[in-house]
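Structural description and commentary
What follows is each chain in one-letter form.
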Amino acid sequence: MRKAIIVRQRVARDLTDCARALAQVHERDGYPVNWPENPGAWLAQSSALLTAWVAELDGRIVGHVGLARSGVDDAAPGLWSGRADVGVERTAVVSRLFVAPGARGQGVGALLLERAVKEAHERGLHPVLDVLASATTAATLYERLGWELLDTVEREWLPGQIVALRCYAAP
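Our subject in this report is the structure included herewith. Source: prediction; values computed, not measured.

1. Here's the deal with the overall build of the protein chain
- When helices and strands are counted, the protein chain shows 5 helices and 7 strands.
- Counted from the first residue to the last, the protein chain has its helices and strands arranged as β-α-α-β-β-α-β-α-β-α-β-β.
- For the protein chain, whose C-alpha radius of gyration is 15 Å, the value lies close to the compact-globule estimate of 16 Å for 171 residues.
- Projecting the C-alpha coordinates of the protein chain onto the three principal axes gives extents of approximately 45 × 40 × 30 Å.

Following this line, the structure appears as structure tokens:
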């Protein structure tokens, strides 16, 4: 029997458990590429964050997603807004999406993504995201759910660190 996955609003006390799950993801997949000095603060995203959710399975946090305003390093908002002929302020960036390795294959990522998309639409915003080009499992999920690949671009994250990003827009 499939266990129930609960997606709920993230609260401040969740950040420790979120950081623990993120550490598992980083160890297995290398996400995030640059491990933050303070993972809780990285997940909180300061003033750019609109809202965030966690996924629970058997009372444990096994996933996370945020919805944020466009930042200077985000490529997808500019690409989508150029195609739609609207300003980037009409976009919402799906960010910090991850699922703990032990909870994969159960639909957690799709549920989190669905919740973020719903919230963006309720706010009158179009959801977009950037993902490392090497994150093929994530790209497969987005494409399976109908997200449109806008382009692949390069960005410099740290001096001398050039990364290739696949930029997507929700259907």
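2. Quick notes on unusual backbone geometry
- A cis amide bond, omega -5 degrees, links Tyr 31 with the succeeding residue Pro 32.
- Structurally, Pro 32 can be placed in the loop between α1 (15-29) and α2 (39-44).
- Residue Asp 58 is not a glycine yet carries a positive backbone phi of 55 degrees.
- Its place among the elements puts Asp 58 in the loop between β2 (49-57) and β3 (60-68).

3. Considering α1
- The end-to-end C-alpha distance of α1, which contains 15 residues, comes to 20 Å, matching closely the 21 Å that a straight helix rising 1.5 Å per residue would cover.
- The secondary structure elements touched by the buried residues of α1 are α2, β2, β3 and β4 (91-99).
- Gly 30 sits one or two residues past α1 and shows a positive phi near 80 degrees.

4. Here we look at helix α3 (residues 76-84)
- For α3, the complete set of buried residues consists of Ala 76, Pro 77, Trp 80 and Ser 81. Looking down the long axis of α3, one finds its buried residues gathered within 120 degrees of arc, a one-sided arrangement. With respect to the buried face of α3, the exposed residues turned more than 90 degrees away are Gly 82 and Arg 83.
- The elements touched by buried residues of α3 are β4, β5 (126-132), β6 (148-158) and β7 (161-169).
- Of the residues trailing α3, Asp 85 is marked for its positive phi of about 60 degrees.

Scoring rules and cut-offs
- Residues numbered from 1 in each chain as written.
- Predicted model: local features only at pLDDT ≥ 70, side-chain atom pairs only at ≥ 80, totals over all residues.
- Heavy atoms only, no water.
- Helix = DSSP H or I, 4+ residues; strand = E, 2+ residues; numbered from the N terminus.
- Rg over C-alpha atoms; globule rule 2.2 N^0.38 Å.
- Expected span 1.5 Å × (residues − 1).
- Contact = heavy atoms within 4.5 Å.
- Buried < 20%, exposed > 50% of the residue type's maximum accessible area, 1.4 Å probe, protein only.
- Arc of directions from axis to C-beta.

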